[in-house]
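What follows is the residue order along each chain.
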Amino acid sequence: PDSDLVMYSAGVQYKKSDALTFGVSYMYQHNKSRSVTNQRIPGMPGIDGEFTDAGAHALTLGLIYSF
């Protein structure tokens, strides 16, 4: 659904040596609630509704090896 949202993210990298780096990041997205009221089209019912508690989590782990 098309609604306003807020998104937070953070990440860190740790360089173990010249050749090896580890990384981790996290992202959280929260969509604000939204009500939908559609105009009725002759012969077709309108679809009305409410979107609540929408969001997403993403966790990323990374490994970089240079040789």
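Our structure's up above, just so we're on the same page.
Residues numbered from 1 in each chain as written. Predicted model: local features only at pLDDT ≥ 70, side-chain atom pairs only at ≥ 80, totals over all residues. Heavy atoms only, no water.

Peer 1: I'd love a proper account of unusual backbone geometry, names of residues and values included.
Peer 2: Positive phi, normally seen in glycine, also occurs at aspartate 53, with a value near 55°. When its relative accessible area of 72% is taken as the criterion, aspartate 53 is described as exposed. (Buried < 20%, exposed > 50% of the residue type's maximum accessible area, 1.4 Å probe, protein only.)

Peer 1: How would you explain the environment of leucine 20 if you had to name every residue and give the values?
Peer 2: Of note, leucine 20 is situated in strand E2 (residues 20–31). Sequence separation between leucine 20 and leucine 63 is 43 residues, and the spatial gap between their C-alpha atoms is 7.4 Å. (Helix = DSSP H or I, 4+ residues; strand = E, 2+ residues; numbered from the N terminus.)

Peer 1: Lay out the side chain of asparagine 31 in plain terms, naming residues and giving numbers.
Peer 2: Its location among the elements puts asparagine 31 in strand E2. Engagement of the side chain of asparagine 31 in a polar contact is seen with the side chain of glutamine 29, the distance being 2.9 Å. The contacts of asparagine 31, once residues within four sequence positions are left out, are Ser3, Asp4, Leu5, Ala54 and Gly55. (Polar contact = N/O pair within 3.5 Å; in protein donor to acceptor, adjacent residues only side chain to side chain. Contact = heavy atoms within 4.5 Å.)

Peer 1: Before we move on, can you summarise the pairing of strand E1 (residues 5–15) with the specific residues and values?
Peer 2: Across the 11 residues of E1, 0 count as buried, placing the element largely on the outside. In textbook terms, the turn of a hairpin is the stretch between consecutive antiparallel strands, and for E1 and E2 this stretch comprises 4 residues. (Pairing = 2+ DSSP bridges.)

Peer 1: Outline the pairing of E2, supporting the account with residue identities and numerical values.
Peer 2: The pairing of E1 with E2 spans 11 bridges and is antiparallel. Counterpart to methionine 7 in the pairing with E2 is glutamine 29. When E2 meets strand E5 (residues 54–65), the two strands line up antiparallel, connected through 12 bridges. When the bridges of E5 are listed, glycine 23 appears paired with glycine 62.

Peer 1: Now, about the sheet that holds E1: what can you tell me, with residues and values included?
Peer 2: Taken together, the 3 strands give an open sheet; going across it, the order is E1-E2-E5, and neighbouring strands pair in antiparallel fashion. Two strands bound the open sheet, and with one partner strand each, they are E1 and E5. Averaged over all pairs of adjacent strands, the angle between their axes in this sheet comes to 10°, without regard to strand direction. (Axes fitted to C-alpha atoms, helices over the stretch in contact; angles between N-to-C directions.)

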